[in-house]
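Given next are the chains, with one letter for each unit.
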Amino acid sequence: MPITLDQLNAAPLPEAVQLLDGLYEHSPWIAELAMAKRPFVSLAALKHACAQVLHAAGSELQLALIRAHPELAGKAMVSQTLTAESTNEQSKAGLTNCTPEEFAHIQRLNTDYNARFGFPFILAVRGPRGTGLSKAEIIATFERRLHNPVDFEQAECLRHIHRIAEIRLNDKFGAEPILGHAVWDWHESLAQHTDPGYAELGQLTVTYLTEAHRSCAVQLQQQMLDCGFDEVHIDAVGNVVGRYLGTTPDAPNLLTGSHYDTVRNGGKYDGRLGIYVPMACVKQLQAARQRLPFSIEVVGFAEEEGQRYKATFLGSGALTGHFNPAWLEQQDADGVTMREAMLHAGLPATLEAIQALQRDPQKYLGFVEVHIEQGPVLNELDIPLGVVTSINASVRYLGAVTGMACHAGTTPMDRRRDAACAVAELALYAEQRARQDGDSVATIGMLQVPNGSINVVPGRCTFSLDLRAPSDAQRDALARDVLAELTKICERRGVRHTLEETMRAAAAPSAPEWQSRWETAVKSLGVALYRLPSGAGHDAMKLHEIMPQAMLFVRGQNSGISHNPLESTTSDDIDLCVHAFSHLLQQLATGTA
């Protein structure tokens, strides 16, 4: 029979510890110390209490716990001396059925890993959905993590130990993150669509109005209808808009959503999580035949990343009245204008149709957005949800430095006008200058030498420049210094430069009353409350210009990496997010917010 929280909370300490036997490998002391935090209002609260115990235990006890775990497909598995829990986990991942070649490869990895780190490799082999990673995924993760710094890898092992404990708790309590599984599966399904050239490589890339992008829109439209939305359509810029009607027709709507386009070779959750979580909430409402006093409008924004065209936040910008008419004549890398792409996609491609998308803020309660964190903070703290306090200000540029291409062997170092070295020097200065602030960031993410050769001094170098800071004033000071240094570098090196500002976004502090609603929702789940700023830009930045907004972050796996195929989150964390969103809806419906 599954354990209940009431049973655990009421049990004498020895009995309570026995109920949690096997939670942490051969380490009952963690559960014993965590019992001091009783009563637990949720499994999430129990999980966090255990994480806090281990965090406070110190490195020696943490290493002892790591070393208490068996090697993957190791001697303990062969001799059948694994604990019942470990046997179950390794079986679900197929590790009890390795071919001789797979087994030998994993044994070599175990040997190399132990030699480098001095402790066994720990991986939650049942994966982010709890159904088991493939052997190929396990081996690829093993090989990747062999190159981590020692301190980082020790912390990564502990994070996986907590994930293993989370799954074991679910088993003991008969808990299943059903809503989280559904949303997780939706992401997998949508990720089948990817642009040509990337599909063959198994990479996810969905850029504005490509065939893959249009397929995503059609799929989202059908999924919204399947969830029970009353009205669903694709608008003049390709946004997918669904409305679940409320009981009061003239009441202001709640606006929510995020983007479904991706960066090149990106992750499955960036943006899309903010579409699917509210969709899951609408599906719940429809199943319960429940209507709220207000309508819910969910928008899958067609473009946020600025990958095919230099038109970042195009989808949300159309709703705020900030669509730039000049964008229609922009060309992509193949010379296709945005207007032509729109017409090919069956969109009207007229400024009048796009301007008609502008929303009247008086008709909306506000905008809320769920998003994967895209950073390591929540992951390192072992906290599943975070309430966003503000979105950082940002500015982006595309630039080029032009010098003189010349022979790499015959041109003395003091005679060169090397364009790439000028940009490299700028990159180092930008790094140093951003560090002075402590919380600013500066990135040159693209640095290219067109038609470069190994034996030619670069005569031209193109680059991007991305600057972000918590406030507009701090961002502007950073930009002034970096751009002034670019001028000095070019003058000193005898090269010239051009620079085009492609995006500027003001800092977007969360509306206090909406941030408070997220906080109330998170606390209701027994999740530790943590507030953090967003270093990344989001569609909420655009909606912030016309209505109150606030965001909720979901913890990412793999140190919170994003804009990367390793971007991931668990169905347990997604499930908590869906429940938090539902709680926010009920706050609004009952007037308790």
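Up top is the structure these notes are about.
Reference entry: report on the structure contained in this document. What you see is a predicted model, and the numbers here were worked out from it, not measured in a lab. (Residues numbered from 1 in each chain as written. Predicted model: local features only at pLDDT ≥ 70, side-chain atom pairs only at ≥ 80, totals over all residues. Heavy atoms only, no water.)

Moving on: the overall build of the chain. Each helix and strand in the chain was counted, giving 22 helices and 16 strands. In terms of overall dimensions, the chain is globule-like: its C-alpha atoms have a radius of gyration of 26 Å, near the 25 Å expected for 593 residues. For the chain, the spread of C-alpha atoms along the principal axes amounts to about 75 × 70 × 45 Å. The 593 residues of the chain split such that 55% are buried. Residue pairs at least 24 apart in sequence account for 77% of intrachain contacts in the chain once pairs closer than 6 positions are excluded. When the accessible surface of the chain is summed, it comes to about 24900 Å², and 53% of that surface belongs to carbon and sulfur atoms. (Helix = DSSP H or I, 4+ residues; strand = E, 2+ residues; numbered from the N terminus. Rg over C-alpha atoms; globule rule 2.2 N^0.38 Å. Buried < 20%, exposed > 50% of the residue type's maximum accessible area, 1.4 Å probe, protein only. Contact = heavy atoms within 4.5 Å. Areas by Shrake-Rupley, 256 points an atom, 1.4 Å probe, with all protein chains shown as cover.)

Moving on to the pattern of salt bridges. For the structure on display, the rule yields 32 salt bridges. Of the charged contacts in the structure, one is a salt bridge between Arg 433 and Asp 437, with a shortest N-O distance of 3.1 Å. Pair noted here: Arg 433 and Asp 437 are both in helix H18 (residues 419–437), with a separation of four residues, about one helical turn. Its relative accessible area of 7% is what places Arg 433 among the buried residues. (Salt bridge = Lys/Arg side-chain N within 4 Å of Asp/Glu carboxyl O.)

Their axes nearest at 12 Å, the elements helix H7 (residues 84–92) and helix H10 (residues 150–173) cross at an angle of 105 degrees. If you check the angle between H7 and H10, you find them roughly perpendicular. In contact with Glu 85, Ser 86, Asn 88 and Glu 89 of H7, H10 contributes Ile 164, Arg 168 and Asp 171. (Axes fitted to C-alpha atoms, helices over the stretch in contact; angles between N-to-C directions. Parallel < 35°, antiparallel > 145°, perpendicular 65-115°, else oblique.)

What follows covers the nonpolar core. In terms of nonpolar packing, the biggest core is built from 100 residues, with Met 342 and Leu 385 touching the most fellow members. By size, the runner-up hydrophobic cluster in this structure holds 50 residues, among which are Met 35, Leu 46, Leu 54 and Phe 117. (Core = buried A, V, L, I, M, F, W, Y, C linked by side-chain atoms within 4.5 Å.)

Attention now moves to the state of the cysteines. Simply put, disulfide is the name for a covalent bond between the sulfur atoms of two cysteines. What the rule picks out here adds up to zero disulfides. In this structure Cys 98 is a free cysteine whose sulfur lies 19 Å from that of Cys 157, the closest cysteine sulfur available. Between Cys 157, a free cysteine, and Cys 50, which holds the nearest cysteine sulfur, the sulfur-to-sulfur gap is 18 Å. (Disulfide = S-S within 2.5 Å.)

This next bit is on unusual backbone geometry. In this model, Arg 38 is joined to Pro 39 through a cis peptide bond whose omega is 0 degrees. Positionally, Pro 39 belongs in the loop between helix H3 (28–34) and helix H4 (43–57). The phi dihedral of Leu 209 falls on the positive side, at around 65 degrees, and the residue is not glycine. Examined against the element boundaries, Leu 209 turns out to sit in the loop between helix H11 (178–190) and helix H12 (211–227).

Position of Arg 145 relative to the elements: it lies in helix H9 (residues 135–145). Discounting residues that sit within four places of it in the chain, Arg 145 has contacts with Tyr 113, Phe 117, Phe 121, Ile 122, Leu 123, Glu 153, Glu 156, Cys 157 and His 160.

This paragraph deals with the pairing of strand E5 (residues 364–372). Counting buried positions along E5 yields eight of nine residues, so the element is predominantly enclosed. Pairing of strand E3 (residues 253–259) with E5, which is carried by four bridges, proceeds in the parallel orientation. What sits directly across from Asn 253, in E5, is Tyr 364. Here six bridges tie E5 to strand E16 (residues 549–554), and the two strands are oriented parallel to one another. Residue pairing for E16: His 371 is matched across the bridge by Phe 553. (Pairing = 2+ DSSP bridges.)

This part takes up the packing of aromatic side chains. Under the definition given, this model contains ten aromatic pairs. With 5.7 Å between their ring centres and 25 degrees between their planes, Phe 117 and Phe 119 make a pair best called stacked. Here Phe 301 and Phe 367 contribute two aromatic rings whose centre-to-centre distance is 6.4 Å and whose plane-to-plane angle is 50 degrees, an arrangement assigned as tilted. Taken together, the residues Phe 301 in strand E4 (residues 296–301) and Phe 367 in strand E5 connect sequence positions 66 residues apart. Aromatic ring contacts, followed pair by pair, group Tyr 113, Phe 117, Phe 119, Phe 121 and Phe 142 into a single cluster. In this structure, Arg 159 packs its charged tip against the face of Phe 152, placed 5.4 Å from the ring centre. Above the ring of Trp 514, the side-chain terminus of Arg 517 is found at 4.3 Å from the ring centroid. (Phe/Tyr/Trp six-rings, centres within 6.5 Å; stacked < 30°, edge-to-face > 60°. Lys NZ or Arg CZ within 6 Å of the ring centre and 35° of its normal.)

A word on helix H5 (residues 59–67). Turning to H5, its buried residues are Gln 62, Leu 63, Leu 65 and Ile 66. For H5, the angular spread of buried residues about the axis comes to 155 degrees, placing them on one side. Elements in contact with the buried residues of H5: H3, H4 and H10. (Arc of directions from axis to C-beta.)

So, about H11. The terminal C-alpha atoms of H11, which comprises 13 residues, lie 19 Å apart, in line with the 18 Å expected from a rise of 1.5 Å per residue. Among the residues making up H11, those that are buried are Leu 179, Gly 180, His 181, Val 183, Trp 184, Trp 186, His 187 and Leu 190. (Expected span 1.5 Å × (residues − 1).)

All right, on to the environment of Ser 471 then. By the element assignment, Ser 471 lies in the loop between strand E12 (460–469) and helix H19 (472–493). Looking at Ser 471, the relative accessible area reads 29%, which means it is partly exposed. Sequence spacing of Ser 471 and Ser 390 is 81 residues, and the spatial spacing of their C-alpha atoms is 9.4 Å. Here Ser 471 is in contact with Ala 393 and Ala 507, once residues within four sequence places are set aside. Within the structure, the side chain of Ser 471 is placed 3.1 Å from the backbone nitrogen of Gln 474, a separation counted as a polar contact. (Polar contact = N/O pair within 3.5 Å; in protein donor to acceptor, adjacent residues only side chain to side chain.)

Our focus in this paragraph is the packing of H4 against H10. Between H4 and H10, whose axes approach to 11 Å, the crossing angle comes to 145 degrees. Handedness of the crossing formed by H4 with H10: right-handed. In this structure, H4 uses Leu 43, Leu 46, Lys 47, Cys 50, Ala 51 and Leu 54 to contact H10, whose residues at the interface are Leu 158, His 162, Glu 166, Leu 169, Asn 170 and Phe 173. Looking at the contact of H4 with H10, its residues break down into eight nonpolar, two polar and two charged. (Left-handed = near helix turned anticlockwise from the far one by under 90°. Nonpolar A, V, L, I, M, F, W, Y, C, P; charged D, E, K, R; others polar.)

With that settled, consider the environment of Val 206. On the secondary structure map, Val 206 appears in the loop between H11 and H12. Residue classification places Val 206 among the buried residues on the basis of a relative accessible area of 0%. Through-space distance from the C-alpha of Val 206 to that of Tyr 260 is 8.0 Å; in sequence the pair is 54 residues apart.

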